[in-house]
Amino acid sequence: MALMINEDCTACDACRPVCPNQAISASDTIYSVDALRCTECVGAEDEPQCQLVCPADSIVPNPDWRETPEQLQDKYQQLHS
């Protein structure tokens, strides 16, 4: 499942640099996650790095984008091959 950033985002920019897939970008008022690039850090880390560094706890699972760990691993390999 890809992650998403909710309206509690403070646009602090802590999450963007730690994303191994460059899936996080700045938008007008809050940051956003590209679900096509987000693997929840599967393939790179043991847990989502953006969630670890977010001071507002605004990064949550995206209920509209469900994927198995195997699908996330495949996506990571495609992004980094």
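Preceding this section is the structure that the text describes.
So, how was this worked out
Residues numbered from 1 in each chain as written. Predicted model: local features only at pLDDT ≥ 70, side-chain atom pairs only at ≥ 80, totals over all residues. Heavy atoms only, no water. Helix = DSSP H or I, 4+ residues; strand = E, 2+ residues; numbered from the N terminus. Rg over C-alpha atoms; globule rule 2.2 N^0.38 Å. Buried < 20%, exposed > 50% of the residue type's maximum accessible area, 1.4 Å probe, protein only. Areas by Shrake-Rupley, 256 points an atom, 1.4 Å probe, with all protein chains shown as cover. 1 Å grid on protein atoms, 1.4 Å probe; cavity = no way out; pocket = protein on both sides within 12 Å on 5 of 7 lines; lining within 4 Å. Points joined across faces, edges and corners; volume = space filled by probe spheres on them. Nonpolar A, V, L, I, M, F, W, Y, C, P; charged D, E, K, R; others polar. Patch = residues over 30% accessible without salt bridge, like charges linked within 9 Å, V, L, I, M, F, W, Y side chains within 5 Å. Salt bridge = Lys/Arg side-chain N within 4 Å of Asp/Glu carboxyl O. Core = buried A, V, L, I, M, F, W, Y, C linked by side-chain atoms within 4.5 Å. Contact = heavy atoms within 4.5 Å.

Engineer: Help me get a handle on the overall build of the chain, residues and values and all.
Structural biologist: Looking only at helices and strands, one finds 2 helices and 4 strands in the chain. In the chain, the succession of α and β elements from N to C terminus is β-β-β-α-β-α. In terms of overall dimensions, the chain is globule-like: its C-alpha atoms have a radius of gyration of 12 Å, near the 12 Å expected for 81 residues. The C-alpha extent of the chain, read off along each of the three principal axes, is 30 × 25 × 20 Å. Counting across all 81 residues of the chain, residues that qualify as buried make up 33%. Approximately 4900 Å² of the chain is accessible, and the part contributed by carbon and sulfur atoms is 47%.

Engineer: Account for empty space enclosed by the protein, naming residues and giving values.
Structural biologist: Unfilled space is identified by rolling a water-sized probe across the atoms. Per the counting criterion, the structure on display carries 2 cavities of 30 Å³ or more. Approximately 90 Å³ is the volume attributed to the largest cavity. As for the largest cavity, its lining consists of 15 residues, of which L3, C19, C38, C41 and C50 are closest to the centre. The space that makes up the second largest cavity amounts to roughly 80 Å³. Around the second largest cavity, the lining comprises 13 residues; the ones closest to its centre are C9, C12, C15, C54 and S58. Broken down by class, the residue content of the lining of the second largest cavity amounts to 10 nonpolar, 2 polar and 1 charged.

Engineer: Any details on a nonpolar patch on the surface? Residues and values, ideally.
Structural biologist: Together, V18, L52 and V53 give the surface a local cluster of nonpolar side chains, amounting to about 220 Å² of exposed area. Looking at where V18 falls in the secondary structure, it is placed in the loop between strand 1 (3–5) and strand 2 (24–26). The class for V18 is partly exposed, based on a relative accessible area of 32%.

Engineer: For the nonpolar core, give the residues involved together with the corresponding values.
Structural biologist: Counting residues in hydrophobic clusters, the biggest one holds 15 residues, and the most contacted among them are I5, C15, I24 and I59. Contributions of two or more residues to this core are made by strand 1 and strand 3 (31–33). With residues near it in sequence (within four places) discarded, I5 still touches C15, I24, I30, Y31, S32, V33, S58 and I59.

Engineer: Please give an account of the environment of I24 that cites residues and values.
Structural biologist: Residue placement: I24 occurs in strand 2. Each C-alpha atom of the pair I24 and L3 lies 9.8 Å from the other, and the pair is 21 residues apart in sequence. Those residues in contact with I24, other than ones at most four positions away along the chain, are I5, C15, R16, C19, Y31, S32, V33 and C50.

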